[in-house]
Amino acid sequence: ITLLGRIGDLYQQKLGNPGRAMSTYLDALELDGADRRILQRLLDLQTKSGQWTRAVETISKFLEHETEPAYRGAYFLAAAAIKRTELRDNAGALDDFEHALDELLRESPLRPATRRRALQTFHDVDALLTEDKDWKTQEQAYRRMIKRMPSGDPALVPLWHALGELCLSRLDHVQSAIQAFE
């Protein structure tokens, strides 16, 4: 594995042949699919060459071997960003954003940096669903986010308020809006 990694590096750095480097890294991963250095080198080449679908596949390989929620959340966020901006796959991006939120908000106690990242991620979910005008899914996303947040978190008030506004103005569900505002 180490030898294949070095050969891949030579193809990339000395010979300027990223295609052969990627092929060699893939050969190395057949022997050890959990080698993070090789996965990272492969991912770097895939993103540099615009191979976005393959980059998402490589991120999935990272996820197969990662157990730490913060890192898993970061990988899901990377996949979501690629799907949304490069592949124009809003449904796939939304799915990965939701997985990222599940992972990020599993952390206990919730660190301020993780909380900020989760709220920014939810902002991205909200923007994506607003862009798609998918109000019912947006309502469900708000309800999932509210359930994920720790009780007593100050972010719950604006989340409940936004859910109430959504129910009232977009879904015309007056009773649901009243419940959210209460």
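Residues numbered from 1 in each chain as written. Predicted model: local features only at pLDDT ≥ 70, side-chain atom pairs only at ≥ 80, totals over all residues. Heavy atoms only, no water.

Asker: Is there a simple way to explain the overall build of the protein chain in this structure?
Answerer: Of the regular secondary structure elements, the protein chain holds 10 helices and 0 strands. Beginning at the N terminus, the succession of helices and strands in the protein chain can be written as α-α-α-α-α-α-α-α-α-α. Its C-alpha atoms give the protein chain a radius of gyration of 20 Å, clearly above 16 Å, the size a compact globule of 182 residues would have. Judged by the C-alpha coordinates and their principal axes, the protein chain covers about 65 × 35 × 20 Å. Looking at the protein chain residue by residue over its 182 residues, the buried ones come to 42%. (Helix = DSSP H or I, 4+ residues; strand = E, 2+ residues; numbered from the N terminus. Rg over C-alpha atoms; globule rule 2.2 N^0.38 Å. Buried < 20%, exposed > 50% of the residue type's maximum accessible area, 1.4 Å probe, protein only.)

Asker: Looking at this structure, how should I read helix α2 (residues 18-31)?
Answerer: Spacing of three or four residues puts side chains on the same side of an α-helix, whose turn is 3.6 residues. Taking 1.5 Å of rise per residue, the 14 residues of α2 would be expected to cover 20 Å, and the 20 Å separating its terminal C-alpha atoms lies within 8% of that figure. For α2, every residue scored as buried is listed here: A21, M22, T24, Y25, A28 and L29. Looking straight down α2, one finds that the buried residues subtend no more than 165° of arc, so they occupy a single side. Elements that come into contact with the buried residues of α2 comprise α1 (2-14) and α3 (36-48). (Expected span 1.5 Å × (residues − 1). Arc of directions from axis to C-beta. Contact = heavy atoms within 4.5 Å.)

Asker: When you look at the packing of helix α6 (residues 90-104) against helix α7 (residues 112-132) in this model, what are you seeing that I'm missing?
Answerer: When two helices pack together, their arrangement is given by the angle between their axes and by how far apart the axes lie. Contact geometry of α6 with α7 gives a least axis separation of 10 Å together with a crossing angle of 155°. Classified by the interaxial angle, the pair formed by α6 and α7 is roughly antiparallel. Handedness of the α6/α7 crossing: left-handed. Of α7, the residues touching α6 (which contributes N90, A93, L94, F97, E98, L101 and L104) are T114, R117, A118, T121, F122, D124, V125, L128, L129, E131 and D132. (Axes fitted to C-alpha atoms, helices over the stretch in contact; angles between N-to-C directions. Parallel < 35°, antiparallel > 145°, perpendicular 65-115°, else oblique. Left-handed = near helix turned anticlockwise from the far one by under 90°.)

Asker: Before we go on, may I ask you to explain the pattern of salt bridges in this structure?
Answerer: Side-chain pairs of opposite charge can arise whenever the charged atoms involved come near each other. Going through the model one piece at a time under the given rule, you end up with 13 salt bridges. A salt bridge links D102 to R148, with the nearest nitrogen and oxygen atoms 2.7 Å apart. In this pair, D102 is assigned in helix α6 and R148 in helix α8 (residues 135-148), connecting sequence segments 46 residues apart. Overall, R148 belongs to the buried group, its relative accessible area being 14%. Where E107 meets R111, a salt bridge forms, and the shortest distance between an N and an O atom there is 2.8 Å. Salt bridges linked by common partners bring E98, D102, R144 and R148 together as one network. (Salt bridge = Lys/Arg side-chain N within 4 Å of Asp/Glu carboxyl O.)

Asker: Please clarify how the packing of aromatic side chains should be interpreted in this entry.
Answerer: The way to describe two aromatic rings as a pair is by their centre distance and the angle between their planes. Summed over the entire model, instances satisfying the criterion amount to 2 aromatic pairs. When the ring of F62 is compared with that of Y75, the centres are 4.8 Å apart and the planes differ by 20°; the resulting orientation is stacked. Of this pair, F62 sits in helix α4 (residues 52-65) while Y75 sits in helix α5 (residues 69-86); the two residues are 13 residues apart in sequence, bridging distant segments of the chain. Note on accessibility: F62 and Y75 belong to one class, buried. Measuring from ring centre to ring centre gives 4.8 Å for F122 and Y142, while their planes differ by 80°; the resulting arrangement is edge-to-face. You can see F122 sitting in helix α7 and its partner Y142 sitting in helix α8, a full 20 residues away along the chain. On the basis of relative accessibility, which here comes to 7%, the residue Y142 falls in the buried class. Directly above the ring of W135 sits R170, whose terminal nitrogen or CZ lies 4.5 Å from the centroid. (Phe/Tyr/Trp six-rings, centres within 6.5 Å; stacked < 30°, edge-to-face > 60°. Lys NZ or Arg CZ within 6 Å of the ring centre and 35° of its normal.)

Asker: Would you mind going over unusual backbone geometry with me for this structure?
Answerer: Leave glycine aside and you will find that most residues have negative phi; peptide bonds, for their part, are mostly trans. A positive phi angle is found at R88, which is not glycine, with a value near 55°. Within the element layout of this structure, R88 appears in the loop between α5 and α6. Even without glycine at this site, D172 takes up a positive phi of about 55°. Of note, D172 is situated in the loop between α9 (156-169) and α10 (174-181). Given a relative accessible area of 60%, D172 falls into the exposed group.

Note that every value here comes from positions in space, so none of it alone points to a role or purpose.
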